[in-house]
Amino acid sequence: MKLRTFFSLRKRIFIQIVLAGIIPAIIITVSGIFLYVKRSSANDINSLISEAKLMSNHVSTSGYMNDQTAGNMRERMTAVGNSYSGRILLINTSYRILLDTYYVDEGRITVWENVVRSMKGEITSLYDEDNQCIIVTVPIRTLHDDKERIDGVLFISKNTSYIAQTKNFYLNAAFEFLIMIAFILVIVGIILSRVLTDPLKKMSVSIDAIKNGTTQDELKIDEYKEVAEISDKFNDFTTQMRMIDESRQEFVSNVSHELKTPLASMKVLADSINSMPDAPVDLYKEFMGDIGEEIDRETKTINDLLSLVRLDKANATLNISPVNINELMELLMKRLRPLAEEKKVELVLESFRPVTAEVDEVKFSLAIMNLVENGIKYNDEGGYVHVSVNSDHQFFFIRVEDNGMGIPDESLDSIFERFYRVDKSHSREIGGTGLGLAITKNAILMHHGEIKVSSTLGEGTTFDVRVPLSYIEKVS
Ligand code: ADP
């Protein structure tokens, strides 16, 4: 299982809530404690430096650095050192320790870096967290003949174990606080993640119900705007799918009906001739002629269906090449002229300008042939079909205009549907399958073109086709 699928949205929301709460809480408490340590040690250092300066003045005025019997320096220093739980050293210019309130290092030499720096006049301070103490060194300055001189260094250390103790106290309190926060966050995380993902869960259950056919209801979940939008889109999608399914079923039943009708006629013709043992040869010939016509009709329906299927395929490939449309139209007219002559319909082609366009010659010809053929078929003796070719800089236009029987207004929206015929019996009589305009429309759409129809019943029909001059493959 992929990590992505392992982490359900609920788990993700839960983890995010807990992390979003706990990480800032840890950062705030830890940095608070760190700041406390820094601040209290800085405060202590400042007050210890002030204290050390006072003491170094005192040592200087007592003259102790030159005469160790002067004043009761040891007692004073020991008292001050004890009050800090710390230690005080007095070091002379030879780096020898003259006084140590711990008595341990008296008489010894110290060249500790901070002492050396103070011997040059600097005040130093240090917070030693490991040994829990602050150490400050200050120079002892004395006036000699109106000139200030450094006679030694005062070293003072102060025990700061109380900082560590307070820090530990805060750390323990922070730990308890964080545990409590984590506990609250877990509860909030569980509740929120459930509440937030609940609509999705409901959605999944409803989709399952729709999928399994246990409900005909629409998806109706509107807890949030986003979920409501998905719900609406899903409903649109299912409606669309239902429509496609219905039209597919209708198509299949139409196909079987259209294929069965000629077969039924042939069966009737064959049965009736068979039931007449002494039927004359002329009757046989007539019946066989009728059967031949039915076979032609069946063949035409099958051929039209095949063309439609080829054009219907989602990825039907177009064989695009630059085609001289004027020449192509001349050729199509030539092919249809015999039919027009047979029906005594005048067929005229008018080319307003030379047009060369990128089209699939076979499929495009099929589309135009159907239009012109209809103009001839649904016409009366003495009628006309005018075909014109024109273009602008982007498109070329083909108009097929006839003065035939026309199409009633209520049928205009349906004539491009598969198997739709205005007058079923009349159309069958003149050899229509009801698929011609569906084929035309599909072929024009494949070229990213448009087809429009306008018609007046009893006066005639005009089809307008518009196709881009250059074929641009659409990126799906
Ligand atoms: P068919 O094979 O029956 O001609 P089409 O799809 O080509 O099928 O046309 C659908 C229907 O539209 C036809 O049955 C006819 O009733 C009507 N129709 C198409 N073209 C014309 C036209 N030029 N004039 C009148 N009616 C037409």
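Predicted, not measured: the structure shown is a model, and the values here were computed from it. (Residues numbered from 1 in each chain as written. Predicted model: local features only at pLDDT ≥ 70, side-chain atom pairs only at ≥ 80, totals over all residues. Heavy atoms only, no water.)

> Looking at this structure, I do not really get the domain arrangement of the protein chain. What am I missing?
Interface size is commonly expressed as the accessible surface area that is lost when the partners come together. In terms of domain boundaries, the protein chain breaks down into domain 1 (2-166), domain 2 (218-316) and domain 3 (317-468). Computed from C-alpha atoms alone, the centre-to-centre distance between domain 2 and domain 3 is 23 Å. In this complex, domain 2 contributes 18 residues to the contact, which on the side of domain 3 involves 17 residues. Summed over both sides, the interface of domain 2 with domain 3 buries roughly 1,700 Å², with 59% coming from carbon and sulfur. When residues of domain 2 are sorted by the area they lose upon contact with domain 3, Glu258, Leu308 and Leu311 head the list and together hold 35% of the total. Taken together, the connections running from domain 2 to domain 3 amount to 1 salt bridge. Glutamate 258 is paired through a salt bridge with arginine 421; the nearest N and O atoms lie 2.5 Å apart. For the side of domain 2 that touches domain 3, the secondary structure elements donating two or more residues are α6 (225-274) and α7 (281-312). Looking at the side of domain 2 that touches domain 3 residue by residue, the classes come out as 7 nonpolar, 6 polar and 5 charged. (Domains from an automatic or database assignment. Contact = heavy atoms within 4.5 Å. Buried area = accessible area lost by both parts, 1.4 Å probe. Salt bridge = Lys/Arg side-chain N within 4 Å of Asp/Glu carboxyl O. Helix = DSSP H or I, 4+ residues; strand = E, 2+ residues; numbered from the N terminus. Nonpolar A, V, L, I, M, F, W, Y, C, P; charged D, E, K, R; others polar.)

> Explain a negative patch on the surface to me, please; I cannot follow it from the model alone.
Taken together, the side chains of Asp217, Glu218, Asp222, Asp232 and Asp236 define an acidic patch exposed on the protein surface. Looking at where aspartate 232 falls in the secondary structure, it is placed in helix α6. (Patch = residues over 30% accessible without salt bridge, like charges linked within 9 Å, V, L, I, M, F, W, Y side chains within 5 Å. Areas by Shrake-Rupley, 256 points an atom, 1.4 Å probe, with all protein chains shown as cover. Lys, Arg positive; Asp, Glu negative; His and termini not counted. Charge placed at Lys NZ, Arg CZ, Asp CG, Glu CD.)

> Mind showing me how you'd approach the nonpolar core here?
Side chains of a nonpolar character, in soluble globular proteins, are inclined to be buried together. With 50 residues, the main nonpolar core has Ile325, Met329, Phe364, Val372, Phe396 and Ile398 as its most contacted residues. Split by domain, the residues of this core number at least three in each of domain 2 (218-316) and domain 3 (317-468). Residue contacts for phenylalanine 396: discarding those within four places in its chain leaves Ile325, Val355, Ala357, Val359, Phe364, Asn390, Ser391, Val465, Arg466, Val467, Pro468 and Leu469. The next biggest cluster of nonpolar side chains, apart from the first, holds 21 residues, and it includes Leu48, Ile49, Ala52 and Tyr84. (Core = buried A, V, L, I, M, F, W, Y, C linked by side-chain atoms within 4.5 Å. Buried < 20%, exposed > 50% of the residue type's maximum accessible area, 1.4 Å probe, protein only.)

> I tried to follow the pattern of salt bridges on my own but got confused; where do I start?
When the charged atoms of two side chains lie near each other, side chains of opposite charge can form a pair. Scanning the model with the defined rule gives 22 salt bridges in all. Aspartate 105 is the salt-bridge partner of arginine 87, the closest N and O atoms lying 2.8 Å from each other. Of this pair, arginine 87 sits in strand β1 (residues 87-92) while aspartate 105 sits in the loop between β2 (97-100) and α4 (113-119), and the two are 18 residues apart along the sequence. Taking relative accessible area as the criterion, arginine 87 reaches 18% and is therefore assigned buried. Classification of aspartate 105 by relative accessible area gives buried; the value is 19%.

> When you look at the sheet that holds strand β12 (residues 460-468) in this model, what are you seeing that I'm missing?
Sheets are built from strands paired through backbone hydrogen bonds, the pairs being either parallel or antiparallel. Ordered in space as β7-β9-β10-β12-β11, the 5 strands form an open sheet in which the pairing is mixed. With one partner strand each, in any of the chains shown, β7 (346-351) and β11 (450-456) form the two edges of the open sheet. Strand-to-strand twist in this sheet, taken as the mean axis angle between neighbours without regard to direction, amounts to 10°. Relative to the sheet, helix α8 (residues 325-343) contacts β7, β9 (384-391) and β10 (395-402), its axis offset from that of β7 by approximately 175°. (Pairing = 2+ DSSP bridges. Axes fitted to C-alpha atoms, helices over the stretch in contact; angles between N-to-C directions.)

> In this structure, what is going on with the sheet that holds β2? I would like to understand it.
Strand order in the open sheet formed by 5 strands is β2-β1-β5-β4-β3, with antiparallel pairing between adjacent strands. Every interior strand has two partners, whereas the edge strands, β2 and β3 (124-128), have only one. Each adjacent strand pair in this sheet contributes to an overall mean axis angle of 20°, direction not counted. Both strand β4 (residues 133-144) and strand β5 (residues 147-159) contribute to a ladder of 12 bridges, which runs antiparallel. What sits directly across from proline 139, in β5, is valine 153. Each of β1, β3, β4 and β5 touches helix α2 (residues 9-62); the most contacted strand, β4, lies at about 25° to it.

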